[in-house]
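In case you want the letters, here they are:
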Amino acid sequence: MAGHRPVAVIIGATGGIGRAVADGLADRYTLWLAGRDEAALKTMAAAMPDACHWTIDLAAPEDTGVVVPGELTSVDLLVHCAGVFERDTIHDMPERKWREVFAVNLFGVVEVTRNLLPGLRAAQGRVIVVNSTVVTGAPAGRAAYAASKQALRVFAEALHTEELGNGVRVTSIYPGRVATGMQRAVRRTEGGPFQPDRYLAPESVASAVFSVLSAPPDAHLTEFVLQPVWHRE
Ligand SMILES: NC(=O)c1ccc[n+]([C@@H]2O[C@H](COP(=O)([O-])OP(=O)(O)OC[C@H]3O[C@@H](n4cnc5c(N)ncnc54)[C@H](OP(=O)(O)O)[C@@H]3O)[C@@H](O)[C@H]2O)c1
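Residues numbered from 1 in each chain as written. Predicted model: local features only at pLDDT ≥ 70, side-chain atom pairs only at ≥ 80, totals over all residues. Heavy atoms only, no water.

K.L.:
Outline the packing of aromatic side chains, listing residues and values.
P.N.:
Scanning the entire structure with this criterion turns up four aromatic pairs. On the basis of an interplanar angle of 70° and a centroid distance of 5.1 Å, the ring pair of Phe-85 and Tyr-145 is categorised as edge-to-face. With Phe-85 in the loop between strand E4 (77-80) and helix H4 (95-123) and Tyr-145 in helix H5 (residues 143-163), this pair connects stretches of sequence that are 60 residues apart. On the accessibility criterion, Tyr-145 (9% relative accessible area) is buried. When the centroid spacing of 5.6 Å and the interplanar angle of 50° are considered together, the rings of Phe-194 and Tyr-199 count as tilted. Phe-194 gets classed as partly exposed once you look at its relative accessible area, which sits at 22%. Put simply, the rings of Trp-98, Phe-102 and Phe-107 pair up and form one aromatic cluster. (Phe/Tyr/Trp six-rings, centres within 6.5 Å; stacked < 30°, edge-to-face > 60°. Helix = DSSP H or I, 4+ residues; strand = E, 2+ residues; numbered from the N terminus. Buried < 20%, exposed > 50% of the residue type's maximum accessible area, 1.4 Å probe, protein only.)

K.L.:
Tell me about the site of the ligand, and please be specific about residues and values.
P.N.:
The full set close to the ligand counts 29 residues, and Thr-14, Tyr-145, Val-178, Thr-180 and Gln-183 are the nearest of them. Here an oxygen atom of the ligand and a backbone polar atom of Gly-12 are 3.3 Å apart. With respect to the ligand, the backbone of Gly-16 contributes an N or O atom lying 2.8 Å from an oxygen atom. Coverage of the ligand by the protein amounts to 90% of the 900 Å² it exposes when considered alone. No other element matches the three residues that helix H6 (residues 181-190) contributes to the shell around the ligand. A class-by-class count of the residues in the shell around the ligand yields 13 nonpolar, 11 polar and five charged. (Near = heavy atom within 4 Å. Polar contact = N/O pair within 3.5 Å; in protein donor to acceptor, adjacent residues only side chain to side chain. Areas by Shrake-Rupley, 256 points an atom, 1.4 Å probe, with all protein chains shown as cover. Nonpolar A, V, L, I, M, F, W, Y, C, P; charged D, E, K, R; others polar.)

K.L.:
Can you tell me about H5, naming the residues and giving the values?
P.N.:
Along its 21 residues, H5 runs 30 Å from first to last C-alpha, staying within 8% of the 30 Å computed at 1.5 Å per residue. Among all positions in H5, only Ala-144, Tyr-145, Ala-146, Ser-148, Lys-149, Leu-152, Phe-155, Ala-156, Leu-159, His-160 and Glu-163 are buried. Here the buried face of H5 lies against H4, strand E5 (126-130), strand E6 (169-175) and H6. (Expected span 1.5 Å × (residues − 1). Contact = heavy atoms within 4.5 Å.)

Quick look at the structure:
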(Lines give C-alpha, C1' and ligand atoms only; values in the text may rest on other atoms or scores of the structure.)
Protein backbone atom coordinates (compact mmCIF):
# COMPACT_ATOMS: atom_id res chain seq x y z
CA MET A 1 0.00 0.00 0.00
CA ALA A 2 1.40 3.34 -1.08
CA GLY A 3 0.77 5.03 2.30
CA HIS A 4 3.04 2.60 4.16
CA ARG A 5 6.00 2.83 1.91
CA PRO A 6 9.31 4.17 3.18
CA VAL A 7 10.41 7.42 1.52
CA ALA A 8 13.54 7.67 -0.63
CA VAL A 9 14.98 10.83 -2.17
CA ILE A 10 17.30 10.27 -5.13
CA ILE A 11 19.42 13.23 -6.19
CA GLY A 12 20.56 12.98 -9.80
CA ALA A 13 17.74 10.58 -10.62
CA THR A 14 17.99 11.27 -14.36
CA GLY A 15 21.60 10.07 -14.54
CA GLY A 16 22.84 6.58 -15.36
CA ILE A 17 23.36 5.49 -11.76
CA GLY A 18 20.46 7.52 -10.33
CA ARG A 19 18.01 5.98 -12.77
CA ALA A 20 19.20 2.44 -11.95
CA VAL A 21 18.79 3.13 -8.23
CA ALA A 22 15.31 4.57 -8.79
CA ASP A 23 14.24 1.62 -10.95
CA GLY A 24 15.41 -0.84 -8.29
CA LEU A 25 13.57 0.93 -5.45
CA ALA A 26 10.38 1.87 -7.29
CA ASP A 27 8.33 -1.13 -6.18
CA ARG A 28 9.07 -0.66 -2.47
CA TYR A 29 9.49 3.07 -1.85
CA THR A 30 7.71 6.36 -2.28
CA LEU A 31 10.31 8.00 -4.49
CA TRP A 32 11.27 11.65 -4.75
CA LEU A 33 13.20 11.95 -7.97
CA ALA A 34 15.39 15.04 -7.76
CA GLY A 35 17.45 16.89 -10.33
CA ARG A 36 17.46 19.88 -12.64
CA ASP A 37 15.68 18.39 -15.69
CA GLU A 38 12.03 18.80 -14.68
CA ALA A 39 10.57 17.30 -17.86
CA ALA A 40 12.71 14.14 -17.61
CA LEU A 41 11.94 13.77 -13.89
CA LYS A 42 8.20 14.12 -14.52
CA THR A 43 8.30 11.47 -17.25
CA MET A 44 10.24 9.10 -15.00
CA ALA A 45 7.90 9.65 -12.05
CA ALA A 46 4.81 9.07 -14.19
CA ALA A 47 6.10 5.63 -15.16
CA MET A 48 6.64 4.51 -11.55
CA PRO A 49 4.07 3.20 -9.07
CA ASP A 50 4.60 5.89 -6.39
CA ALA A 51 6.97 8.67 -7.38
CA CYS A 52 7.09 12.45 -7.61
CA HIS A 53 9.68 14.91 -8.77
CA TRP A 54 11.71 17.63 -7.03
CA THR A 55 13.39 20.14 -9.30
CA ILE A 56 16.68 21.36 -7.90
CA ASP A 57 19.85 22.71 -9.49
CA LEU A 58 22.77 21.78 -7.26
CA ALA A 59 24.98 24.31 -9.00
CA ALA A 60 22.77 27.26 -8.17
CA PRO A 61 21.47 26.99 -4.61
CA GLU A 62 22.14 30.69 -4.13
CA ASP A 63 19.56 31.44 -6.87
CA THR A 64 16.84 29.03 -5.87
CA GLY A 65 17.80 27.96 -2.35
CA VAL A 66 17.16 24.40 -1.26
CA VAL A 67 13.40 24.41 -0.90
CA VAL A 68 12.53 21.05 0.58
CA PRO A 69 9.04 19.88 -0.45
CA GLY A 70 6.71 20.17 2.54
CA GLU A 71 5.84 16.46 2.38
CA LEU A 72 9.43 15.45 3.17
CA THR A 73 9.09 15.50 6.95
CA SER A 74 10.33 11.93 7.19
CA VAL A 75 13.07 10.57 4.92
CA ASP A 76 14.14 6.94 5.18
CA LEU A 77 16.75 7.12 2.46
CA LEU A 78 18.70 9.85 0.68
CA VAL A 79 20.89 8.71 -2.22
CA HIS A 80 23.29 11.20 -3.77
CA CYS A 81 23.86 10.27 -7.43
CA ALA A 82 24.42 13.71 -9.01
CA GLY A 83 27.86 14.77 -10.15
CA VAL A 84 29.85 16.49 -12.86
CA PHE A 85 33.24 15.77 -14.38
CA GLU A 86 35.69 18.24 -15.89
CA ARG A 87 39.07 17.39 -17.33
CA ASP A 88 41.92 19.85 -17.62
CA THR A 89 45.36 20.46 -16.18
CA ILE A 90 45.81 22.70 -13.19
CA HIS A 91 47.69 25.03 -15.53
CA ASP A 92 44.74 25.39 -17.90
CA MET A 93 41.58 25.01 -15.82
CA PRO A 94 40.15 28.39 -14.84
CA GLU A 95 38.95 29.00 -11.30
CA ARG A 96 35.37 29.21 -12.61
CA LYS A 97 35.52 25.50 -13.62
CA TRP A 98 36.88 24.48 -10.23
CA ARG A 99 33.97 26.30 -8.63
CA GLU A 100 31.44 24.62 -10.96
CA VAL A 101 32.75 21.15 -10.08
CA PHE A 102 32.76 21.83 -6.35
CA ALA A 103 29.31 23.47 -6.55
CA VAL A 104 27.67 20.24 -7.73
CA ASN A 105 29.96 17.54 -6.31
CA LEU A 106 30.33 19.04 -2.84
CA PHE A 107 28.37 22.15 -1.90
CA GLY A 108 25.11 21.00 -3.48
CA VAL A 109 25.39 17.66 -1.68
CA VAL A 110 26.11 19.41 1.63
CA GLU A 111 23.18 21.81 1.29
CA VAL A 112 20.63 19.18 0.25
CA THR A 113 21.74 16.86 3.06
CA ARG A 114 21.68 19.66 5.64
CA ASN A 115 18.15 20.62 4.64
CA LEU A 116 16.93 17.02 4.74
CA LEU A 117 18.54 16.19 8.11
CA PRO A 118 15.39 16.88 10.16
CA GLY A 119 13.49 14.38 7.99
CA LEU A 120 16.37 11.88 8.11
CA ARG A 121 16.58 12.14 11.88
CA ALA A 122 12.82 11.75 12.19
CA ALA A 123 12.94 8.48 10.22
CA GLN A 124 16.34 7.30 11.56
CA GLY A 125 17.20 7.21 7.90
CA ARG A 126 20.21 6.44 5.75
CA VAL A 127 22.33 8.62 3.52
CA ILE A 128 24.17 6.89 0.68
CA VAL A 129 26.72 8.96 -1.20
CA VAL A 130 27.95 7.77 -4.60
CA ASN A 131 31.59 8.84 -4.63
CA SER A 132 34.38 7.48 -6.88
CA THR A 133 37.58 5.42 -6.69
CA VAL A 134 39.27 8.58 -7.95
CA VAL A 135 39.70 9.40 -4.24
CA THR A 136 42.54 6.88 -4.06
CA GLY A 137 44.85 8.94 -6.26
CA ALA A 138 45.78 12.36 -7.55
CA PRO A 139 45.35 11.79 -11.29
CA ALA A 140 46.81 14.26 -13.77
CA GLY A 141 44.13 16.23 -15.62
CA ARG A 142 41.43 15.35 -13.08
CA ALA A 143 42.49 17.40 -10.07
CA ALA A 144 39.24 19.35 -9.68
CA TYR A 145 37.06 16.22 -9.91
CA ALA A 146 39.32 14.20 -7.58
CA ALA A 147 39.61 17.05 -5.08
CA SER A 148 35.82 17.47 -4.99
CA LYS A 149 35.39 13.74 -4.39
CA GLN A 150 38.07 13.74 -1.65
CA ALA A 151 36.18 16.55 0.04
CA LEU A 152 32.95 14.59 -0.42
CA ARG A 153 34.56 11.63 1.32
CA VAL A 154 35.45 13.77 4.33
CA PHE A 155 31.94 15.24 4.36
CA ALA A 156 30.33 11.78 4.39
CA GLU A 157 32.66 10.44 7.10
CA ALA A 158 32.07 13.50 9.31
CA LEU A 159 28.33 13.24 8.73
CA HIS A 160 28.50 9.60 9.81
CA THR A 161 30.30 10.52 13.02
CA GLU A 162 28.02 13.45 13.80
CA GLU A 163 24.70 11.77 13.02
CA LEU A 164 25.16 8.21 14.28
CA GLY A 165 23.89 9.31 17.71
CA ASN A 166 20.77 10.67 16.00
CA GLY A 167 20.13 7.32 14.33
CA VAL A 168 21.19 8.45 10.83
CA ARG A 169 23.61 6.10 9.08
CA VAL A 170 25.86 7.20 6.24
CA THR A 171 27.55 5.06 3.58
CA SER A 172 29.91 6.03 0.76
CA ILE A 173 30.05 3.94 -2.39
CA TYR A 174 33.21 4.13 -4.46
CA PRO A 175 32.77 2.78 -8.00
CA GLY A 176 35.40 2.58 -10.70
CA ARG A 177 34.34 3.37 -14.26
CA VAL A 178 30.59 3.00 -14.87
CA ALA A 179 28.92 2.80 -18.29
CA THR A 180 26.92 6.04 -18.15
CA GLY A 181 26.77 9.36 -19.96
CA MET A 182 29.45 10.71 -17.64
CA GLN A 183 31.87 7.92 -18.61
CA ARG A 184 31.12 8.53 -22.26
CA ALA A 185 32.18 12.15 -21.72
CA VAL A 186 35.25 11.06 -19.74
CA ARG A 187 36.38 8.77 -22.56
CA ARG A 188 35.91 11.61 -25.07
CA THR A 189 38.27 13.78 -23.05
CA GLU A 190 40.73 10.87 -22.86
CA GLY A 191 40.54 10.39 -26.62
CA GLY A 192 39.54 6.74 -26.25
CA PRO A 193 36.48 4.69 -27.26
CA PHE A 194 33.52 4.15 -24.95
CA GLN A 195 33.64 0.41 -24.11
CA PRO A 196 30.76 -0.37 -21.76
CA ASP A 197 31.71 -4.06 -21.49
CA ARG A 198 34.86 -2.92 -19.70
CA TYR A 199 33.02 -0.80 -17.13
CA LEU A 200 30.55 -1.44 -14.33
CA ALA A 201 26.90 -1.42 -15.34
CA PRO A 202 24.94 1.32 -13.54
CA GLU A 203 22.73 -1.50 -12.21
CA SER A 204 25.80 -2.95 -10.47
CA VAL A 205 26.34 0.29 -8.59
CA ALA A 206 22.62 0.28 -7.75
CA SER A 207 23.05 -3.26 -6.40
CA ALA A 208 25.63 -1.88 -3.95
CA VAL A 209 22.98 0.56 -2.73
CA PHE A 210 20.53 -2.33 -2.28
CA SER A 211 23.19 -4.35 -0.39
CA VAL A 212 23.63 -1.47 2.05
CA LEU A 213 19.87 -1.39 2.58
CA SER A 214 19.62 -5.14 3.14
CA ALA A 215 22.43 -5.35 5.73
CA PRO A 216 21.24 -6.81 9.05
CA PRO A 217 20.13 -4.18 11.60
CA ASP A 218 23.24 -4.57 13.76
CA ALA A 219 25.60 -4.08 10.79
CA HIS A 220 26.41 -0.82 9.10
CA LEU A 221 28.28 -0.88 5.79
CA THR A 222 30.22 2.37 5.98
CA GLU A 223 32.11 2.02 2.70
CA PHE A 224 31.62 0.02 -0.47
CA VAL A 225 34.29 -0.17 -3.21
CA LEU A 226 33.32 -1.62 -6.61
CA GLN A 227 35.66 -2.18 -9.53
CA PRO A 228 34.82 -3.57 -12.96
CA VAL A 229 36.05 -7.13 -13.44
CA TRP A 230 37.78 -6.31 -16.73
CA HIS A 231 41.51 -5.72 -16.37
CA ARG A 232 44.01 -4.51 -18.91
CA GLU A 233 46.35 -7.38 -19.96
N1 LIG B 1 30.27 7.10 -14.59
C2 LIG B 1 31.37 6.77 -13.93
O3 LIG B 1 32.31 6.20 -14.49
C4 LIG B 1 31.47 7.08 -12.47
C5 LIG B 1 32.48 6.47 -11.73
C6 LIG B 1 32.61 6.73 -10.38
C7 LIG B 1 31.74 7.60 -9.77
N8 LIG B 1 30.75 8.21 -10.50
C9 LIG B 1 29.87 9.15 -9.80
O10 LIG B 1 28.56 8.64 -9.83
C11 LIG B 1 27.63 9.71 -9.75
C12 LIG B 1 26.59 9.52 -10.86
O13 LIG B 1 27.24 9.63 -12.11
P14 LIG B 1 26.69 8.96 -13.45
O15 LIG B 1 27.76 8.12 -13.96
O16 LIG B 1 25.34 8.39 -13.21
O17 LIG B 1 26.63 10.26 -14.37
P18 LIG B 1 25.49 10.87 -15.29
O19 LIG B 1 24.77 9.81 -16.01
O20 LIG B 1 26.16 11.96 -16.03
O21 LIG B 1 24.47 11.50 -14.21
C22 LIG B 1 24.81 12.63 -13.48
C23 LIG B 1 23.58 13.15 -12.79
O24 LIG B 1 23.93 14.36 -12.09
C25 LIG B 1 22.95 15.34 -12.41
N26 LIG B 1 23.47 16.69 -12.30
C27 LIG B 1 24.56 17.23 -12.91
N28 LIG B 1 24.65 18.53 -12.61
C29 LIG B 1 23.59 18.82 -11.80
C30 LIG B 1 23.12 19.99 -11.17
N31 LIG B 1 23.74 21.16 -11.32
N32 LIG B 1 22.01 19.93 -10.41
C33 LIG B 1 21.34 18.77 -10.27
N34 LIG B 1 21.73 17.61 -10.83
C35 LIG B 1 22.84 17.64 -11.59
C36 LIG B 1 22.59 15.04 -13.86
O37 LIG B 1 21.40 15.71 -14.20
P38 LIG B 1 21.03 16.03 -15.74
O39 LIG B 1 20.31 14.80 -16.23
O40 LIG B 1 20.15 17.21 -15.65
O41 LIG B 1 22.33 16.29 -16.46
C42 LIG B 1 22.45 13.52 -13.76
O43 LIG B 1 21.21 13.19 -13.20
C44 LIG B 1 28.45 11.00 -9.88
O45 LIG B 1 28.65 11.56 -8.61
C46 LIG B 1 29.77 10.52 -10.44
O47 LIG B 1 30.83 11.37 -10.07
C48 LIG B 1 30.58 7.96 -11.84
